[in-house]
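Geometric and topological summary
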Amino acid sequence: MKWKKAAVAMITMVCALSLAACGLHKKSTSNSNYTTTGSAGRNYQGVIEHGHYRVSKARGVNVTQNSNQYNLKSFETGLTEVSKKSFSPKSYIFQEGQYLDTSEVQRLLERRSSSNPEGLNPAKGKSSNPNPEYIQQLEEQDFVQQSGSSLKLKGMTIGIGVNSEYNYQKKSDGPQYSKNISNAEVKRQGEIAAAKVLKHIRQKKGCKNIPIVIALYKQASDDSLVGGSFFAYEKSNGNSLSSWHDLNYKTTVMPKASGANTTNSDNESDDNNFSNFKSQIQSFFPNISGVTAQAQYKNDNLAGMHITVTTQFYSETEIQSFTDYIAQAAKKYLPNGIPIDIRIQSDSEMQAIIFRNAGSDKFQTHVLTSY
């Protein structure tokens, strides 16, 4: 079954890249020191060094920080979209962060103390009523340009994830308590952390004069069925952040809960279309236990969908027939032009994947067979 797991990972990665608009093209440019993947329209080229993708020096830190993996996914995809506002894929090559390493990011995300004065979170205080840990995620994206036979850093984006709630225990074996953090406090703590991170980055060689974008992200609660969203960003050419720009990004669950209200008629129409899609495919097979979607919005416009269909099939022909049927229903009921991926899965494994790239009108399908 090793090949099946590899196929699942490969297909999932393809869908995630299409939704994030970070896909890679087969075309490439190279010289003696590095290779770059060719861009595909509005997507960034990436950096390959000595035949290997140049990974982040703080790779994996955000994964260990998050109980809600939806936060991780929407943070990473959203950060790339914010970066494109200042660093066009036509002019810049994307490079995973090379200036903040793992131990450095871990220290920044810890509480301040005499041994860690740069910690972005306050000292704990009283165990019975501790200060919240506000800052949860930190990620660096670098943007480079070709300079002779090498690549030169020309800009940077830093994403800062701020908690909307803080969970804690008064005793190690005691019950868990939760503190809600207001939007105003999320914003305030994010801006405080941003100023500290900017100062920290400016002290690094090669980072003193480049433009640095800092984007603030509000984390969803640990039990949320969707991730959070970026709400503000600022671009600094010096040592201060003076004028924050609001971002109207959000992630929602479809279908919406019974009785939930929306003030946007387009959002209401999107939800109705998804409900029609859901009803159509639920009538096809008796063993469907759930059809849900995570919908990404930018400026109140639907920008992408992750759809999960949970069911149980007992033969390859059942899976293939259902996959083909869903692809037809998706084309009929779901909106055109946006990237969509649909995962068909049981409780224990993925069975098929259907996806469409941004700007395309054709869904592609793949059934994961067991032989």
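This report concerns the structure included in the present document.

What counts, and where the lines are drawn
- In this numbering scheme, every chain counts its residues from 1 along its sequence in written order.
- For this predicted model, a pLDDT threshold of at least 70 governs which residues receive local features, and a threshold of 80 or more governs which side-chain atom pairs are given and counted, while totals over whole chains, interfaces and linings are taken from all residues.
- With hydrogens and water stripped out, all remaining heavy atoms of the structure feed into the side-chain values.
- Starting at the N terminus, helices and strands are each numbered in turn, a helix being any DSSP run of H or I of at least four residues and a strand any DSSP run of E of at least two.
- Each residue gets one of three labels from its accessible area relative to the maximum for its type: buried under 20%, exposed over 50%, partly exposed in between, using a 1.4 Å probe on protein chains only.
- A contact between two residues is defined here by any heavy atoms of the two lying within 4.5 Å.
- Two strands pair if DSSP finds at least two bridges between them.
- Axis definition: a line fit to C-alpha positions, over the contact stretch in the case of helices; interaxial angles, taken between N-to-C directions, run 0 to 180 degrees.
- Pairing of aromatic side chains here covers Phe, Tyr and the six-membered ring of Trp, requires ring centres within 6.5 Å, and sorts the geometry by plane angle: under 30 degrees stacked, over 60 edge-to-face, intermediate tilted.
- Put simply, a patch holds well-exposed residues, over 30% relative accessible area, that have no salt bridge, with like charges counted together within 9 Å and Val, Leu, Ile, Met, Phe, Trp or Tyr side chains within 5 Å.
- Values of accessible area rely on a 1.4 Å probe in the Shrake-Rupley scheme; residue burial ignores everything except the protein chains shown.
- We count a salt bridge whenever a side-chain nitrogen from Lys or Arg sits within 4 Å of a carboxyl oxygen from Asp or Glu.
- Under this definition, polar contacts are N or O atom pairs within 3.5 Å; protein pairs additionally need one hydrogen-donor-capable and one acceptor-capable atom, and for neighbouring residues in sequence, both atoms have to be side-chain atoms.

**Quick word on the overall build of the chain**
Within the chain one finds seven helices and 18 strands. Evaluated residue by residue, the chain yields a buried proportion of 48% over its 371 residues. Long-range contacts, defined here as pairs at least 24 residues apart, represent 60% of the contacts in the chain between residues at least 6 apart.

**Some details on the sheet that holds strand 6 (residues 135–147)**
Taken together, the six strands give an open sheet; going across it, the order is 5-6-7-10-11-12, and neighbouring strands pair in mixed fashion. Edge positions in the open sheet fall to strand 5 (93–96) and strand 12 (245–246), since each of these has one partner strand only. The sheet contact formed by strand 5 and strand 6 spans four bridges and is antiparallel. Bridge assignment links Gln95 to a residue of strand 6, and that residue is Asp142. Relative to the sheet, helix 3 (residues 69–83) contacts strand 6, strand 7 (150–162), strand 10 (212–218) and strand 11 (229–236), its axis offset from that of strand 6 by approximately 35°.

**Section: the sheet that holds strand 15 (residues 301–310)**
Pairing in this open sheet of six strands is mixed, and the strands run 13-14-15-16-17-18 from one edge to the other. Sheet topology places strand 13 (249–254) and strand 18 (364–367) at the edges, where each strand pairs with a single neighbour. With direction set aside, neighbouring strand axes in the sheet form an average angle of 15°. Pairing geometry for strand 16 (residues 340–345) and strand 17 (residues 350–356), over six bridges, is antiparallel. Counterpart to Asp341 in the pairing with strand 17 is Phe355. Along the sheet, helix 7 (residues 316–333) contacts strand 15, strand 16, strand 17 and strand 18; its crossing angle with strand 18, the most-contacted strand, is approximately 165°.

**Some remarks on the packing of aromatic side chains**
Within the structure shown, the criterion is met by 13 aromatic pairs. Ring centres of Phe75 and Tyr217 lie 5.1 Å apart, and the angle between their planes is 90°; this geometry places the pair in the edge-to-face category. With Phe75 in helix 3 and Tyr217 in strand 10, the pair connects residues that are 142 residues apart, well separated along the chain. Neither Phe75 nor Tyr217 differs from the other in exposure class; each is buried.

**Quick notes on unusual backbone geometry**
For the bond from Met254 to Pro255, the omega torsion is -5°, close enough to zero to count as cis. Secondary-structure assignment places Pro255 in the loop between strand 13 and helix 6 (265–282). For Asn299, which is not glycine, the phi torsion reads 55° and is therefore positive. Secondary-structure assignment places Asn299 in the loop between strand 14 (290–298) and strand 15.

**Here's the deal with a nonpolar patch on the surface**
A cluster of nonpolar side chains, contributed by Tyr70, Leu225 and Val253, occupies part of the molecular surface with about 250 Å² of accessible area. Mapped onto the elements, Leu225 comes out in the loop between strand 10 and strand 11.

**Focus on the side chain of Glu81**
As for its placement among the helices and strands, Glu81 is situated in helix 3. We classify Glu81 as buried; its relative accessible area is 13%. Side-chain polar atoms of Glu81 contact the side chain of Lys298, separated by 3.3 Å.

**Structural notes on the environment of Asn276**
Locating Asn276 in the fold gives a position in helix 6. On the basis of relative accessibility, which here comes to 40%, the residue Asn276 falls in the partly exposed class. A C-alpha to C-alpha distance of 9.0 Å links Asn276 and Leu334, two positions 58 residues apart in sequence.

**Focus: the environment of Gln282**
By the secondary structure assignment, Gln282 is in helix 6. Judged by relative accessible area, which is 32%, Gln282 ranks as partly exposed. Distance from Gln282 to Thr311, taken between C-alpha atoms, is 9.9 Å for residues 29 residues apart in sequence.

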